[in-house]
Amino acid sequence: MIRRPKLRDHSINRLIPNMLTIMALCAGLTGIRQALLGHWELAVLAILIAAIFDALDGRIARLLDSSSKFGAELDSLSDFVSFGVAPAMIMFLWSTQEVKGFGWALTLAFSACMALRLARFNTKLDNADLPAWTSRFFTGVPAPAGAGLVLMPLIAWLEFGADFLRAPFFVGIFLIVVAGLLVSRLPTFSFKRVRVTQAWVLPTMIGVVIYVSMLVSVPWATLFFTLLAYLATLPVAYRTQRRLQAHRPVATPNTVPVETDHD
């Protein structure tokens, strides 16, 4: 009796990353609800959970070879809600609503810049002639990082409790600066391209354990200094990109790196 090979269940493979994307969307919406209730710690935690799910869905989609146009569009919609609308609403409810119309204008500006950033991402076409080094960079700050950066005043306030961190003027500056970084052409590192060699597996695992332990023990300080470290990488990414561009230039100057599947 001849046994037929089992066909791969593509529907299940596609369902798993899409479900993670839906979970990220739900986490982002939950962040808004927690902000409405005044539970600021839970609001930030919800955005963090959304970022974790967003990081997982693209990687699992590639692992299962189940990337699809539907998944990419769903991911963009989820990113807009979780990282464009939810953080802006949290900051509005926490601080900038005190300045009424101006505070709402800042909220709209941040969300609009996030929409523009995601729209630019969706319209990029693959260019096989690009040098391999271009995959190491994003153009502008990616959506999850932008959400984290705009929440920095709230995260710092949860840790240090300084009143000036909640001032609408101070928070407004963060909203404007981060919104500009989202739509800028500043190169930023794409850490999803990092490969861990065999020699660094054990040190990396130890580092992850230490980081998770700190995240559990002192979450707000850990998040705050993580975001500071990310900000420190921005000038490094700019200099690295300029150096690589000088040695191995891109054929078309206006072409930007392709960001596959997810931020």
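Being a predicted model, the structure only gives us computed values, none of them experimental.

Peer 1: Please clarify how the packing of helix H5 (residues 143–150) against helix H7 (residues 168–183) should be interpreted in this entry.
Peer 2: Each pair of packed helices can be described by the angle between their axes along with the distance between the axes. Two numbers describe how H5 lies on H7: the axes approach to 9 Å, and their chain directions differ by 165°. Regarding the angle of H5 to H7, the classification is roughly antiparallel. Remark: the crossing between H5 and H7 carries right-handed chirality. In this structure, H5 contributes Gly146, Leu149 and Val150 to the contact, and H7 contributes Phe174, Leu175, Val178, Leu181 and Leu182. Of the residues in the contact of H5 with H7, the class split is seven nonpolar, one polar and no charged.

Peer 1: What is the right way to look at the nonpolar core in this model?
Peer 2: Buried together is how nonpolar side chains tend to be arranged in soluble globular proteins. Of all hydrophobic cores here, the largest spans 47 residues; its most connected members are Phe110, Leu149, Leu151, Leu154 and Ile155. Elements with a contribution of two residues or more to this core: helix H1 (10–36), helix H2 (40–63), helix H3 (69–94), helix H4 (101–122), H5, helix H6 (152–160), H7 and helix H9 (219–247). The leading source of residues in this core is H3, at nine residues. Non-local contacts of Leu149, meaning those with residues more than four positions away in its chain, are made with Val141, Phe174, Val178, Leu181, Leu227, Tyr230 and Leu231.

Peer 1: So what exactly am I meant to see when it comes to the layout of surface pockets here?
Peer 2: Once rolled over the atoms, a probe with the size of a water molecule shows which space is left empty. Taken as a whole, the largest pocket spans an internal volume of roughly 1,300 Å³. Contributing to the lining of the largest pocket are 35 residues, with Ala55, Phe191, Tyr211, Thr226 and Tyr230 lying nearest its centre. Among the elements of the structure, H2, H5, helix H8 (201–217) and H9 are those that each provide at least two residues to the lining of the largest pocket. Counting residues per element, the lining of the largest pocket draws most heavily on H2, at eight residues. Grouping the constituent residues of the lining of the largest pocket by class yields 25 nonpolar, six polar and four charged.

Peer 1: Got a minute to help me understand the pattern of salt bridges in this structure?
Peer 2: Close approach of charged atoms allows side chains with opposite charge to pair. Scanning all chains against the criterion turns up one salt bridge. Ionic pairing is found between Lys69 and Glu73, a salt bridge with its closest N-O pair at 3.3 Å. Remark: Glu73 and Lys69 occur in helix H3; sequence separation between them is four residues, near one turn of the helix. A residue is classified by how much of its surface remains accessible, and Glu73, at 33% relative accessible area, is partly exposed.

Peer 1: Honestly, unusual backbone geometry in this entry has me stumped. Any pointers?
Peer 2: The residue Lys100 is not glycine, and still its phi comes out positive at about 55°. Counting through the fold element by element, Lys100 comes out in the loop between H3 and H4. The exposure class assigned to Lys100 is exposed, which follows from its relative accessible area of 64%.

Peer 1: What is the right way to read H6 from this model?
Peer 2: An α-helical turn contains 3.6 residues, so a residue and the one three or four places further along point in the same direction. Those residues of H6 that sit buried are Met152, Pro153, Leu154, Ile155, Ala156 and Leu158. Buried residues along H6 sit against H2, H3, H5, H7 and H9. Phi for Gly161, located one or two positions after H6, is positive at around 75°.

Peer 1: Got a minute to help me understand the side chain of Asp79 in this structure?
Peer 2: Tracing the sequence through the fold places Asp79 in helix H3. Lacking a salt bridge, the buried Asp79 has Arg117 as its closest oppositely charged neighbour, with an N-O distance of 7.9 Å. When neighbours within four sequence positions are excluded, Asp79 is seen to be in contact with Asp54, Gly84, Leu118 and Ala143.

Rules and cut-offs
Residues numbered from 1 in each chain as written. Predicted model: local features only at pLDDT ≥ 70, side-chain atom pairs only at ≥ 80, totals over all residues. Heavy atoms only, no water. Axes fitted to C-alpha atoms, helices over the stretch in contact; angles between N-to-C directions. Helix = DSSP H or I, 4+ residues; strand = E, 2+ residues; numbered from the N terminus. Parallel < 35°, antiparallel > 145°, perpendicular 65-115°, else oblique. Left-handed = near helix turned anticlockwise from the far one by under 90°. Contact = heavy atoms within 4.5 Å. Nonpolar A, V, L, I, M, F, W, Y, C, P; charged D, E, K, R; others polar. Core = buried A, V, L, I, M, F, W, Y, C linked by side-chain atoms within 4.5 Å. Buried < 20%, exposed > 50% of the residue type's maximum accessible area, 1.4 Å probe, protein only. 1 Å grid on protein atoms, 1.4 Å probe; cavity = no way out; pocket = protein on both sides within 12 Å on 5 of 7 lines; lining within 4 Å. Points joined across faces, edges and corners; volume = space filled by probe spheres on them. Salt bridge = Lys/Arg side-chain N within 4 Å of Asp/Glu carboxyl O. Lys, Arg positive; Asp, Glu negative; His and termini not counted.

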